[in-house]
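# Remarks on the overall topology
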Amino acid sequence: MSKHHKGSFHETVVSITNNDDIILSVDQFPFDTALSLSPLIAYWEDKIKTDPSCNVDRVRQLAELLRNRPELIGSIHDVSVIEKHIETVDILMEDIFPGALWENNLKAVVVPFHFESFYATPRLEELKLLGGNNYSEKLNIDNKTLLFRLMISAYTIILDQFYNANFYVDEPFIFTIKDKLTGLQRHYKLSIDLKFMQVRAKGEIKQMSAQEINYLINRYNDLDLWMQKVPPENFEFSGFAIYDFTEVTNEETISSLRYELLDRDSVSTVEGFESLQQKLRVLFGLPGIKLGFASCPAMREFDTTYARKIWNGLILTHNSDIKLSDLRGSIYEPVIRRGHTIVVEDLNVFPNPTQIEDQLLESGIRNLIIAPLAYEGKIIGLMELASPIPGELNALSTIKLKEILPLFALAMNRSLDELRSSIQNVIKEKYTAIHPIVEWRFTQAAINLLEKMERNNSPEIEPIVFRDIYPLYGASDIRGSATERNKAIQGDLLEQLVLAKEVILAVKDNLPLPILDELIFKMDKYSQNIMHEIASDDEGTILHFLRTEVEPLFDHFSKKNPAASEAIQAYLSAIKNPYRVVYNKRKAYEESLYLINETISSFLDREEEKAQQIFPHYFEKYKTDGLEYNIYIGASLLNNGNFEPIYLKNMRLWQLMLTCEIARRIHKLRANLKLPLEITQLILVHSDPISIRFRLDEKKFDVEGANNIRYEIIKKRIDKATIRGTDERLTQPGKIAIVYTQQKEVDEYIRYIEFLQSEGYIDKHVERLDLEEMQGVQGLKALRIEINFTDHLRHDIDAGDELLSIAKSASLN
């Protein structure tokens, strides 16, 4: 509920939804209402004084008519009086119902807060939008909600007139009826003009403070409370309301399609498909058209069962035996291969038909449109609209189709993602890759399972646990990655808005349309909104605005003002990419992030493979906005079980040297990055051995036992660790943070640090830090060392010196 200030009161905007929390005990509109033409008569009297062009004689003639018809003055309790004096009422209504628009307007005047009209245009009466008692059905809301909305509208007028408090409802009434000819739904939005309605207080009004008014407004759903504080019997509404209807069938149908396509079942169930087809019939106003769509994620997959899971087309169905080769030369080929939209007026006169066109004709189809469904620049499927009547769908129909194709493409892509995910789950379940170092143990478990199967019909595979192993964990993280990503999006959007504004400015002088000023205002407003901070929905909102309100004008601008072509071309060149947006800063961010991750990953893979020579170990890495890795080392991982503590020390020293080398490489790389991102480096030391178990449900190793779980908790928390008593993050660019819990770990790593200082990897200063407690984690400490980025090292890894050899040369005993 948003608030605006007016004097000392709050303005409140309320969006009403059809829910169950309305508190309302009455079932009839509780305010007195009366039909009266007095406000309209006063309008004509005032017009003589304020409008110089007013026909004074005509108004005097009207006044004379009214003097002879006293029934029209004051409250009218019998609406038959209107019909009795219809000629006089026609004159009174001239300004409300202009003669030139009488036949086409959808307009009526009604008693305040009622839906029965006493004067309406012929077209409105023909549609029967008003009249009858089925308003709940026409408005698609229950009677209680309808009464609530009428009452809250009445109270907004009372608050405004008697309490100077502006509180208004922002959701219009949408009427839905069936077209008499097609039987399809049509939607009409109601606009209500209350300038000829008055509210009168019966007696003295009880005053309320600003706090009391806000108390009511904040409980707008409790109308029983409102009726206690502001009794309806104290007020009477008189005059009449003007109802003006606008057809919004297209807008409502597209909105409904958008909502429905969010449902994962919309393109995969019979019910969802039928609902979509019916909505498209409403959108195009054609009750006999058929919908079809089919996925084509990749040409090589077209002939697979996988591709046909989302085939619900006219002839491309689940059970279809059509192959990609069958589409050669057919109307489908240019859609799938080149992304063209095909319109066929009449298949019966289509030249050189293939078996595909013959099958369509056999199914009763004469006329159709086939359009590609594209997502992120790739064709992932196609959509079909077909009719048995030649020419019913034509090239003009593609204008509406273009509005909804992106919605169907999103739904199709989501369904494909879910399908791919299901396939990946099967692959992981049956064919999970096993690290070579532990393959022997899985082989042993499989052999044991086969032996059990010979003796037991339902054997279970034995648990795979490795005990007494030592973990090493490291992380290289991009500093402020989320902030940098948002800055990139923000910069690209600002640039695109500037380019769009330059187009409007280029045509504005030669095409003086007020709407152009409004577009410029909107662009400036969007720019101001995202100048300092960007919200999650800003990108979508701005791109939708540019694509629907600005870019469609370019062709018209080019014809009207050729001088604008340069600005238009600059805009189009800037968005010439698969995403159709300015993508310069995001591209710089993504390329920089990719180069950093690839540099770290490839170097880590290369050196880790060599490190297997120190001692065979289990290694896994995973990318986030940086890269993290786990190393497990211990006797139980090996088939022969040979292990000595010296191997663990070598691995720890190797890890520290590796971390230094990663930092040095990224430091050098920054000069070549379009966006000079920085990384932070972290190592977690854990001296006590742990146990890991292979989880069959997730197909990965996880720590086992309550004592070992603390290690995993620490891993998840330490990237946000801060130094005790400060807000300073532990991880900082140019430094390595070594997190530990035991004094013996400090002693060990100080030896490694002194060795690396002698090698020139790190500076002399070593910080010893206590860390702030975190949820589930207490007592952490850290060493923090600064990396030496100069080129003067005793060894040169790029010239052939090996980290492995350097580590082996250290005296660690």
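Scoring rules and cut-offs
Residues numbered from 1 in each chain as written. Predicted model: local features only at pLDDT ≥ 70, side-chain atom pairs only at ≥ 80, totals over all residues. Heavy atoms only, no water. Core = buried A, V, L, I, M, F, W, Y, C linked by side-chain atoms within 4.5 Å. Buried < 20%, exposed > 50% of the residue type's maximum accessible area, 1.4 Å probe, protein only. Contact = heavy atoms within 4.5 Å. Helix = DSSP H or I, 4+ residues; strand = E, 2+ residues; numbered from the N terminus. Expected span 1.5 Å × (residues − 1). Arc of directions from axis to C-beta. Phe/Tyr/Trp six-rings, centres within 6.5 Å; stacked < 30°, edge-to-face > 60°. Polar contact = N/O pair within 3.5 Å; in protein donor to acceptor, adjacent residues only side chain to side chain.

Turning our attention to the nonpolar core. Counting residues in hydrophobic clusters, the biggest one holds 61 residues, and the most contacted among them are I596, I718, L730 and V739. In contact with I596, other than residues within four places in its own chain, are I478, I666, L669, L673, L677 and I679. Counting residues in hydrophobic clusters, the runner-up holds 52 residues, among them V110, A120, L146 and F235.

Let us now look at helix α2 (residues 56-67). For the α-helix, the turn length of 3.6 residues means that residues three or four positions removed from each other point alike. For α2, spanning twelve residues, the distance from its first C-alpha to its last is 17 Å, which sits close to the expected 16 Å at 1.5 Å a residue. For α2, every residue scored as buried is listed here: V59, L62 and L66. Mapping the buried residues of α2 onto a view down its axis gives an arc of 55°, with all of them on the same face. Structural note: α2 exposes D57, R60 and R67 on the side pointing more than 90 degrees away from its buried face.

Another aspect to go through is the packing of aromatic side chains. This structure, assessed with the given rule, holds 34 aromatic pairs. Here the aromatic rings of F273 and F293 are separated by 5.6 Å at their centres, their planes lie at 65°, and the arrangement is edge-to-face. Of the two residues, F273 sits in helix α11 (residues 270-284) while F293 sits in strand β13 (residues 290-295), which places them 20 residues apart along the sequence. On the basis of an interplanar angle of 85° and a centroid distance of 5.2 Å, the ring pair of F554 and Y571 is categorised as edge-to-face. One end of the pair, F554, is in helix α19 (residues 554-560); the other, Y571, is in helix α20 (residues 565-574), with 17 residues separating them in the sequence. Judged by its relative accessible area of 4%, F554 is buried.

Within the secondary structure layout, T253 lies in helix α10 (residues 249-261). A distance of 2.6 Å separates a polar atom in the side chain of T253 from the backbone oxygen of T249. Ignoring anything within four residues of it in the chain, the contact list for T253 reads H187, K279, V282 and L283.

By themselves these figures say nothing about function.
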